[in-house]
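Geometric and topological summary
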There are 2 protein chains.
Amino acid sequence: MNLQGVMSREIVLAARPGPAVTPALFELRESAVEQPGDGQFLVRVIYLSLEPAMRGWIADAPNYQDPVPLGAVMTGFTVGEVMASRHPDYAVGGLVAGRQGWQEWALSDGSDIERKVEPGAAPLSCHLHVLGINGITAFFGLREVGRPKAGETVVVSTAAGSVGSIVGQIAKIEGCRTVGLTGSDEKAAHCRELFGYDHAINYKTETDLAAAVAAACPQGVDVYFDNVGGPVSDAVMPALALGARVVVCGTMGMGASPEGPRYNRHILVNRASMQGFLVFDHWHRRDEAVRQLESWLADGRIAYLEDITDGLDKAPETLCRMLAGDNRGKTLIRVGPEPGKSA
Amino acid sequence: MNLQGVMSREIVLAARPGPAVTPALFELRESAVEQPGDGQFLVRVIYLSLEPAMRGWIADAPNYQDPVPLGAVMTGFTVGEVMASRHPDYAVGGLVAGRQGWQEWALSDGSDIERKVEPGAAPLSCHLHVLGINGITAFFGLREVGRPKAGETVVVSTAAGSVGSIVGQIAKIEGCRTVGLTGSDEKAAHCRELFGYDHAINYKTETDLAAAVAAACPQGVDVYFDNVGGPVSDAVMPALALGARVVVCGTMGMGASPEGPRYNRHILVNRASMQGFLVFDHWHRRDEAVRQLESWLADGRIAYLEDITDGLDKAPETLCRMLAGDNRGKTLIRVGPEPGKSA
């Protein structure tokens, strides 16, 4: 392919966030696309996914990985097409899923590629949610830490989110009763109608959330898959059943309330456990999750919602919109057209 | 034995506690000792142990067991001597450990007996701490939930207490580095000199407890055996190491501060777990713990401190004194003389 004169846009992290994440933290740059050197290949990014965890990735606070350096291309999961290659394992026209970040074109030596994607097995964008980090998180977090048994009650926070919606559906497949906690009536409807929850609660409109959770879980909560922490979780902890497992997967809801009721007594009385889960600890087993999720997806047992915005330049404001909860499904940027489709 | 005219004193729970436990919650009664019926035997109680958990046993709040009923003899662990028997398994002169409660004489059908005690294997009172519920709690709590590995750092709260002191010593036997948190300079000295802690911190005099814990644990805290909860624990949680295990064994320190900093982020970032531990879940395996502890005790590898008060009538005020932290070791009531000794 002749790359002469082709320009690539990229977005770099320009500043660390204060209390809020704003588009001004990011900066758009443009540079000429380079030809791959020996052992390299060039990827045209098609989809970029935006994660709630990005709030942590850009902050200079203790986290499970080093923060994105200032001035560096913002980190992000992508799927794309190989457009030029001098690498023996990656042929032109192949599709790849990886961590190529917020850029239109990316040179790679393969180290930032997660896996090759078979075209047609599932919609391409699914490799960024159900078959990507969200689905893998839901799969291992629920099964390895939550360890649900058929007949148990599983409560999920941010139940309509890109992780939570899959957790709820896997829990149903495992034979559990599912209760979803979510932040709008629309999302509660999605929980019930699209993601198969037995019960959904809008935590923003409940006057007594703890009572609503207790009423929805008459046998107690056996597994609490917590994507949020904070006041929403405060309403779930008193309803834990004997031997309950709490999967600590996200803590964004703690932002506004770093202090809260202590959980020790609920944990002790119920001999419950509360355990931190990070998908990267299970990343070497991701194929196991992807194969199972692909099969459920093909059988129509896993539904999903996408919120797609066109154009890399929209990524900063779209991230902020998502962090504010104003999204309708998994938030993706369509950086460029899918193969065979026009822009 | 002629029991004609022998009177037994017993102490019943007369009222539920308010914010404080006071001697006025208990009432002393006296009645004539009854001869055992068929299948029964009569025990003269020698030692009664007082537990911090008794605060919970008498409260009408959700707990791991039903509260002591009003008007009933107060529950408690005891060792005693069989003085009369019409039960084939219990001979006169035998020693028994059980839950015979706050009374001088107790009729039994065997259901409240934990085990027979071999005289001479260890001091009789040890069956109420190192070889009793405290030692069994330390043994299973540390090994089953804490799962320490040689070379790891184990932090213990109420480190000089009847559970904590044994936890620290077992952790040393397992090859760990131990750091004890305790509430007086005298107890800190006991931690270092008697219980073999590598480091002891008086949390009441430290101006920055979190900094003191972090400094004492340069590699982070691998196991936190938490007997207290509350502000003391708040100083430990930020120092958790990757994969840390927190044993939630006691929560008395939460009383004055039911709210506090949320631990979710420390748990998530370190993929730590926090798990409630109740010794009764492991009670069927208690012989395993007792045999091992007896052997360590015989080898001089487990030290202990006792705080013994004479007379059943002193139990209520002694309990209150212990709950106020004003005790010097495992708190016991000597209800009657040991066999062969005069009162």
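On a predicted model such as this, the values are computed, not experimentally measured, just so you know. (Residues numbered from 1 in each chain as written. Chains lettered and ligands numbered in written order. Predicted model: local features only at pLDDT ≥ 70, side-chain atom pairs only at ≥ 80, totals over all residues.)

A short note on the overall build of chain A
- Assigned secondary structure in chain A consists of nine helices and 16 strands.
- By the compact-globule yardstick of 20 Å for 343 residues, chain A fits well, its C-alpha radius of gyration being 21 Å.
- Dimensions of chain A along its principal axes, counting C-alpha atoms only, are 65 × 45 × 30 Å.
- Out of the 343 residues in chain A, the part that is buried amounts to 52%.
- Counting only contacts in chain A whose residues sit at least 6 apart along the sequence, the fraction spanning at least 24 positions is 66%. (Helix = DSSP H or I, 4+ residues; strand = E, 2+ residues; numbered from the N terminus. Rg over C-alpha atoms; globule rule 2.2 N^0.38 Å. Buried ≥ 20, exposed ≤ 12 C-beta atoms within 10 Å, placed from the backbone. Contact = placed C-beta atoms within 7 Å.)

Details of the domain arrangement of chain A
All names here are of chain A.
- Taken domain by domain, chain A holds domain 1 (7-129 + 304-334) and domain 2 (139-280).
- Taking the mean C-alpha position of each, domain 1 and domain 2 sit 30 Å from one another.
- Class assignment of the residues belonging to the side of domain 1 that touches domain 2 gives a composition of four nonpolar, two polar and two charged. (Domains from an automatic or database assignment. Nonpolar A, V, L, I, M, F, W, Y, C, P; charged D, E, K, R; others polar.)

Quick notes on the relation of the copies chain A and chain B
- Least-squares fitting of chain A to chain B yields an RMSD of 0.0 Å, with the transformation described by 0.0 Å of translation along the axis and a rotation of 180°. Expressed as an axis order, the relation between the two copies is that of a two-fold axis.
- A share of 100% of the interface residues of chain A reappears at the interface of chain B, consistent with the copies meeting face to face through the same patch. (Least-squares fit on C-alpha atoms with pLDDT ≥ 70 in both.)

Considerations on the interface of chain A and chain B
- Tallying the contact residues gives 27 residues for chain A and 27 residues for chain B.
- With five residues, the top contributor of residues to the side of chain A that touches chain B is helix H7 (residues 264-269) of chain A.
- Two strands pair when backbone bridges link them, and strand S14 (residues 273-276) of chain A and strand S14 (residues 273-276) of chain B are joined in this way by three bridges, in the antiparallel orientation. In the sheet register, A:Gln275 faces S14(B), and the bridge partner there is B:Ser273. (Pairing = 2+ DSSP bridges.)

Concerning unusual backbone geometry
- Within the chain, A:Thr158 stands out as a residue other than glycine whose phi angle is a positive 40°.
- As for its placement among the helices and strands, A:Thr158 is situated in the loop between strand S8 (153-157) and helix H3 (164-173).
- Of note in the backbone geometry, B:Arg271 takes a positive phi value of approximately 45° without being a glycine.
- By the secondary structure assignment, B:Arg271 is in the loop between helix H7 (264-269) and S14.

Description of the sheet that holds strand S10 (residues 199-202) of chain A
- Across the sheet, 12 strands lie side by side as S10(A)-S9(A)-S8(A)-S11(A)-S12(A)-S14(A)-S14(B)-S12(B)-S11(B)-S8(B)-S9(B)-S10(B); this open sheet has mixed pairing. Among the strands making up the open sheet, the edge pair consists of S10 of chain A together with strand S10 (199-202) of chain B. Averaged over neighbouring strand pairs, the angle between their axes works out to 15° when direction is ignored.
- Here four bridges tie strand S9 (residues 177-182) of chain B to S10(B), and the two strands are oriented parallel to one another. Counterpart to B:Gly180 in the pairing with S10(B) is B:Ala200. (Axes fitted to C-alpha atoms, helices over the stretch in contact; angles between N-to-C directions.)

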